[in-house]
Amino acid sequence: MDKLLEVKDLKVSFFTHAGEVKAVGGISYEINHGEIMGIVGESGSGKSVEAYTIIGLLQSPGKVVGGEILFDGENVLEYTPEQMEDFRGNKVSMIFQNPMTCLNPVYSIGNQLSEAILCHQKVEKKEAWDKSIEMLKLVGINNPEKRMKQYPHELSGGMRQRVMIAMGLICDPKLLIADEPTTALDVTIQAQILELIKKLQEERKMSVIFITHNLGVVAEVCDKVSVMYAGKIVEQGSVDDIFYNPSHPYTLGLMRSMPRVDAEEYERLIPIEGNPVDMLNPPEGCGFGARCEYCMNICLRKEPPTIDLGNGHRSSCWLLASKQKEEA
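Residues numbered from 1 in each chain as written. Predicted model: local features only at pLDDT ≥ 70, side-chain atom pairs only at ≥ 80, totals over all residues. Heavy atoms only, no water.

*Asks:* Would you mind going over helix 8 (residues 187-204) in detail, with residue names and values included?
*Replies:* Here helix 8 spans 26 Å end to end across 18 residues, near enough to the 26 Å set by a 1.5 Å rise per residue. Looking only at helix 8, the buried set comprises Gln190, Ile193, Leu194, Leu196, Ile197, Leu200 and Gln201. Along the axis of helix 8, the buried positions cluster into a sector of 160°, meaning they face one direction only. Projecting away from the buried face of helix 8 at angles above 90 degrees are the exposed residues Val187, Thr188 and Glu195. Just past helix 8, the residue Lys205 takes up positive phi, approximately 55°. (Helix = DSSP H or I, 4+ residues; strand = E, 2+ residues; numbered from the N terminus. Expected span 1.5 Å × (residues − 1). Buried < 20%, exposed > 50% of the residue type's maximum accessible area, 1.4 Å probe, protein only. Arc of directions from axis to C-beta.)

*Asks:* Which residues make up the packing of aromatic side chains, and what values go with them?
*Replies:* Applying the stated criterion across every chain, the model contains six aromatic pairs. With a centroid separation of 5.1 Å and 80° between ring planes, the pair formed by Phe71 and Phe87 is classed as edge-to-face. Taken together, the positions of Phe71 in strand 4 (residues 62-71) and Phe87 in helix 2 (residues 81-90) put the pair 16 residues apart, joining distant regions of the chain. By relative accessible area, which is 2% here, Phe71 ends up buried. Taking 5.2 Å as the distance between ring centres and 85° as the angle between the ring planes, the aromatic pair formed by Tyr229 and Phe288 counts as edge-to-face. Placement of the pair is Tyr229 in strand 9 (residues 224-229) and Phe288 in the loop between helix 11 (249-256) and helix 12 (297-301), with a sequence separation of 59 residues. One aromatic cluster in this structure is built from Phe71, Tyr79 and Phe87. (Phe/Tyr/Trp six-rings, centres within 6.5 Å; stacked < 30°, edge-to-face > 60°.)

*Asks:* Can you explain the side chain of Asp241? Please cite residues and give values.
*Replies:* Tracing the sequence through the fold places Asp241 in helix 10 (residues 239-244). Arg314 provides the closest opposite charge to the buried, salt-bridge-free Asp241, at an N-O distance of 9.5 Å. (Lys, Arg positive; Asp, Glu negative; His and termini not counted. Salt bridge = Lys/Arg side-chain N within 4 Å of Asp/Glu carboxyl O.)

*Asks:* Give me the lowdown on the sheet that holds strand 2 (residues 19-32), citing residues and values where you can.
*Replies:* Strand order across the open sheet formed by four strands is 2-1-4-5, with antiparallel pairing between neighbours. The open sheet is flanked by strand 2 and strand 5 (74-75), the only strands paired with a single partner. Across the sheet, helix 1 (residues 47-55) lies against strand 1 (3-16), strand 2 and strand 4, angled at about 115° from strand 1, the strand it touches most. (Pairing = 2+ DSSP bridges. Contact = heavy atoms within 4.5 Å. Axes fitted to C-alpha atoms, helices over the stretch in contact; angles between N-to-C directions.)

Structure (structure tokens):
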């Protein structure tokens with residue numbers, strides 16, 4: 001598979017009156033054509049910030065302070081506003097977390113969907129309207145002709161999320177970024193939305209970045225996973241690597257705090273102790289050090305190296321580095 005997206009040492013900071021908040025502290029990953037990558041981490045770990053940076057929606061006082069975002073070999077960060085407008089929608093699109101705040105309450109569903117087509121493609125209004133109806137059918141909305149004339153508040157939460165998916169796919173992008181698209185939905189609707197995204201991804205052979213804090217969702221739809229903590233990727237690997245052979249203490253903590261449906265007897269969930277990092281004053285060493293049960297002196301003083309565990313499985317941890325040194 002060829003690379004579609006390559007993020008190289010991306011650094012994003014927010015310059016506030018209180019100081020510099022290093023929201024993304026030098027992350028790197030790549031996504032191939034037709035691949036789904038999950039980005040997992042707790043709130044405030046930098047998942048959404050890096051997604052907004054890719055799509056060119058990073059708001060002030062946020063600023064890219066280093067790194068590259070290569071899409072089909074071109075650095076997106078060097079695009080002019082006109083190039084970025086063409087890139088966003090035609091080549092990459094995004095499903096946002098809360099459809100009620102992303103859909104305009106004073107415009108009908110049909111107006112908002114057809115506007116997305118008219119902005120990016122040279123077609124007549126009638127053709128854009130017809131294509132919008134077809135897209136609503138594709139995402140499983142019944143009676144699409146009626147829905148086109150309705151407003152967001154007249155639809156249920158699941159329907160609004162399907163409209164957001166339709167809007168994200170309507171220009172046939174190569175990359176879809178889904179930012180926690182099932183968070184506000186009940187479990188039954190969540191399952192339907194996940195099944196729909198997976199089905200459309202397979203049909204259109206597009207790549208997907210799936211941002212979530214739900215490991216069950218990752219296991220369901222993703223090919224590989226990047227685990228983020230305090231603005232950094234602490235572990236990367238295939239879904240099998242992350243679920244069956246997790247190597248970073250934070251990933252292990254996430255696994256232990258998740259209920260297992262296959263457990264033969266009652267198992268107590270073990271929470272991750274402590275509080276998330278203050279990104280205004282990040283620690284000198286490992287960001288997870290203060291909460292880690294395996295923490296050593298060096299963890300608090302020095303940032304850990306990234307250890308290659310083979311087959312694309314990487315982890316940043318001093319414990320692994322010391323084990324590797326012992327084995328050598």
